[in-house]
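# Close look at the chain arrangement
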Amino acid sequence: MRVKTFEAASMQEALAVVKREMGEEAFILSTRTRNRKGPMGMGDETIIEVTAAIDDAPAPSPAQASPLPVKETYSLRPPLADAGRRTSDPEPRSPLRALQNRAASSQGAAVLPHSIIQPPAPIVAPLSPAPNGPISAPAPPVDLQPLRRELLEIKGAVEALKDQEIRNNSILRELDHLKVLLSRIQKQGMPSSQLHLPPSLLDLYGELTTNDVDPMIALRLCEYTQRALLDQGSDEVDPEKARLFMRRVIADFIPVAPPIQIEPGRTKVTALVGPTGVGKTTTIAKLAAYAKLELKQKVALLTLDTFRLAAVDQLQQYAQILQVPLHVALTVEDLRSALRFYQDRTLVLIDTPGHSPKDAEVLGQLSRFLDELPEVETHLVLSATTKPRDLADIAQRFEPLKPGRLIFTKLDETSTYGPILSTLVRIKRPLSYLGVGQEVPQDLELATSRRVSDLILPLPQVAV
């Protein structure tokens, strides 16, 4: 048997070469599609590789042929090889012809042993012997060779189409990725150094910027991750390792503050400041409810917000439900006297008026109030729904109040959390609490590095 492999640009060309070089009797052993480098190593081209074979052994003479069927052995033949033609026989054989030979040699009816199983043969209708006469000659076997060749050609064409479909799907995915990348470039621009990132980090960069992380911060995270992984001896940046490493970097980078510390025998004074509508009053209620109901501490509420009657009424309702005192301070002297009166309380929470950060007069007045409290712990409350640029501006304008910690609220009202990271990087204040809803007190979380890294760069969802 002679076996040879041919290469061509298409299945039709490959089959034509096989027929030309090996003849019509050749049959296909296998076909596959692969890519190879083009001229001078530029570009890829797709080729069809066909392996064919032909049996070159000469057919034996009729005198050498055995009158009895010879037991066949299995050889390397395609599933549709013609079972009616064997090079070891002078003519096509079938179970009926073997039965005729046995009957002729024994001059009587022969019984086939049950242990002998013949190979499959073309289905031929049985011939009924004439009464008291010899068995008539069988019909000539059907030549399946043309059908076999046609089926093999169809099989090769189908395999080539499957390979082409796989390549097309891959190209479509790449095009979709490029469309998303182009959209990001059009919306926010792309630093030139970002173009040198490997594909795995490009994906992470896109994910960070989609989550509204500042593009320059996202780029620095990707570059740091790339350097660290390459320094560890990796030849290339694995996507899964890159994501896990960057999550650790974010967790280590984000400063978080411990919860409000309550000490026995001392009064802890905590004030919440921030613009209008960020949820300061609701956050005060959550902190008070947790300290009173969970920690069993004595709590008092103070409010400096006399600009909005609705805010005072809301806080009054919370005070009545929690059964804690509420005092409204109109002047600095009112504030001093209230703090002297509540010296027996372990926690005093101060609600401040919400106003525009551009209102310098109100900010100055609030600053004079807080200057009377040298040991006050001030938290700047910001909304996660605020635009990133506005967050940085708000933090800068509230700087005269000397906030030592940040609280981000309304996480349940947004789907992008990158501004939290960008703000923490810019103003360099630790994060204390996260407001995730309106329920009191359960919708207030203590901020942790792991929680924030989950918000900024979540782990991929594992399909169940």
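Provided above is the structure to which this section pertains.
Here's what I pulled together on the structure shown here. (Residues numbered from 1 in each chain as written. Predicted model: local features only at pLDDT ≥ 70, side-chain atom pairs only at ≥ 80, totals over all residues. Heavy atoms only, no water.)

### Brief notes about the packing of helix α6 (residues 239-253) against helix α13 (residues 449-456)
- Orientation of α6 relative to α13, taken along the N-to-C sense of each, is 130°, at an axis distance of 8 Å. It follows that α6 is oblique to α13 by the angle criterion. Our pair here, α6 against α13, has a crossing hand that is right-handed. Contact with α6, carried on its side by Arg247, Ile250 and Ala251, involves Ser449, Arg450, Ser453, Asp454 and Ile456 of α13 and no other residues of that element.
- Among the residues making up the contact of α6 with α13, the classes are represented as three nonpolar, two polar and three charged. (Axes fitted to C-alpha atoms, helices over the stretch in contact; angles between N-to-C directions. Helix = DSSP H or I, 4+ residues; strand = E, 2+ residues; numbered from the N terminus. Parallel < 35°, antiparallel > 145°, perpendicular 65-115°, else oblique. Left-handed = near helix turned anticlockwise from the far one by under 90°. Contact = heavy atoms within 4.5 Å. Nonpolar A, V, L, I, M, F, W, Y, C, P; charged D, E, K, R; others polar.)

### Quick word on the nonpolar core
- Core analysis: the largest hydrophobic core is formed by 65 residues, its most contacted members being Met246, Leu335, Ile350, Phe408, Leu411 and Leu431.
- Top contributing element to this core by residue count: helix α5 (residues 215-231), with seven residues.
- The residues touching isoleucine 350, leaving out its near neighbours within four places in the chain, are Val269, Thr270, Ala271, Leu272, Ile284, Leu302, Leu304, Leu335 and Leu373.
- By size, the runner-up hydrophobic cluster in this structure holds 21 residues, among which are Ile284, Leu301, Leu315 and Ala319. (Core = buried A, V, L, I, M, F, W, Y, C linked by side-chain atoms within 4.5 Å. Buried < 20%, exposed > 50% of the residue type's maximum accessible area, 1.4 Å probe, protein only.)

### Here we look at the pattern of salt bridges
- One pass over the structure, following the stated rule, counts 21 salt bridges.
- Across the salt bridge formed by lysine 298 and aspartate 344, the nearest N and O atoms sit 3.2 Å from each other. Taken as a pair, lysine 298 in the loop between α7 (280-294) and β5 (299-303) and aspartate 344 in the loop between α9 (332-341) and β7 (347-351) lie far apart in primary sequence, 46 residues in all.
- Connected through shared salt-bridge partners, Glu7, Arg32, Arg34 and Glu49 make up one network. (Salt bridge = Lys/Arg side-chain N within 4 Å of Asp/Glu carboxyl O.)

### Topic: the sheet that holds β7
- A sheet is described by the order of its strands in space; here eight strands give the open sequence β6-β5-β7-β4-β8-β9-β10-β11, paired in mixed fashion. Every other strand in the sheet has two partners, leaving β6 (326-328) and β11 (444-446) as the edge strands with one partner each. Recorded for the sheet is a direction-independent mean angle of 25° between the axes of neighbouring strands.
- In the sheet, strand β4 (residues 268-273) pairs with strand β8 (residues 377-383) via four bridges, with the strands oriented parallel. (Pairing = 2+ DSSP bridges.)

### Topic: the packing of aromatic side chains
- What the rule picks out here adds up to two aromatic pairs.
- Where tyrosine 224 meets phenylalanine 245, the ring centres are 6.2 Å apart and the plane angle is 25°; that geometry is what we call stacked. Within this pair, whereas tyrosine 224 is found in helix α5, its partner phenylalanine 245 is found in helix α6, the two being separated by 21 residues in sequence.
- With a relative accessible area of 42%, tyrosine 224 lands in the partly exposed category.
- Overall, the relative accessible area of 12% leaves phenylalanine 245 in the buried class.
- With 5.2 Å between their ring centres and 75° between their planes, phenylalanine 341 and tyrosine 342 make a pair best called edge-to-face.
- Using a relative accessible area of 7% as the deciding quantity, one classes tyrosine 342 as buried. (Phe/Tyr/Trp six-rings, centres within 6.5 Å; stacked < 30°, edge-to-face > 60°.)

### Observations concerning the side chain of threonine 416
- As for its placement among the helices and strands, threonine 416 is situated in the loop between β9 (405-409) and α12 (418-427).
- Here the side chain of threonine 416 touches aspartate 212 through a polar contact of 3.2 Å, side chain to side chain.
- If we ignore the near neighbours within four places in the chain, the residues touching threonine 416 are Thr210, Asn211, Asp212 and Ala384. (Polar contact = N/O pair within 3.5 Å; in protein donor to acceptor, adjacent residues only side chain to side chain.)

### As for unusual backbone geometry
- In this structure, proline 441 follows valine 440 across a cis peptide bond, with omega equal to 0°.
- By the element assignment, proline 441 lies in the loop between β10 (431-435) and β11.
- Phi is positive for glutamine 323, close to 60°, though the residue is something other than glycine.
- Its place among the elements puts glutamine 323 in the loop between α8 (309-322) and β6.
- According to the relative accessible area criterion, glutamine 323 is exposed, its value standing at 68%.
- Positive phi, normally seen in glycine, also occurs at lysine 402, with a value near 55°.
- One can find lysine 402 in the loop between α11 (388-397) and β9.

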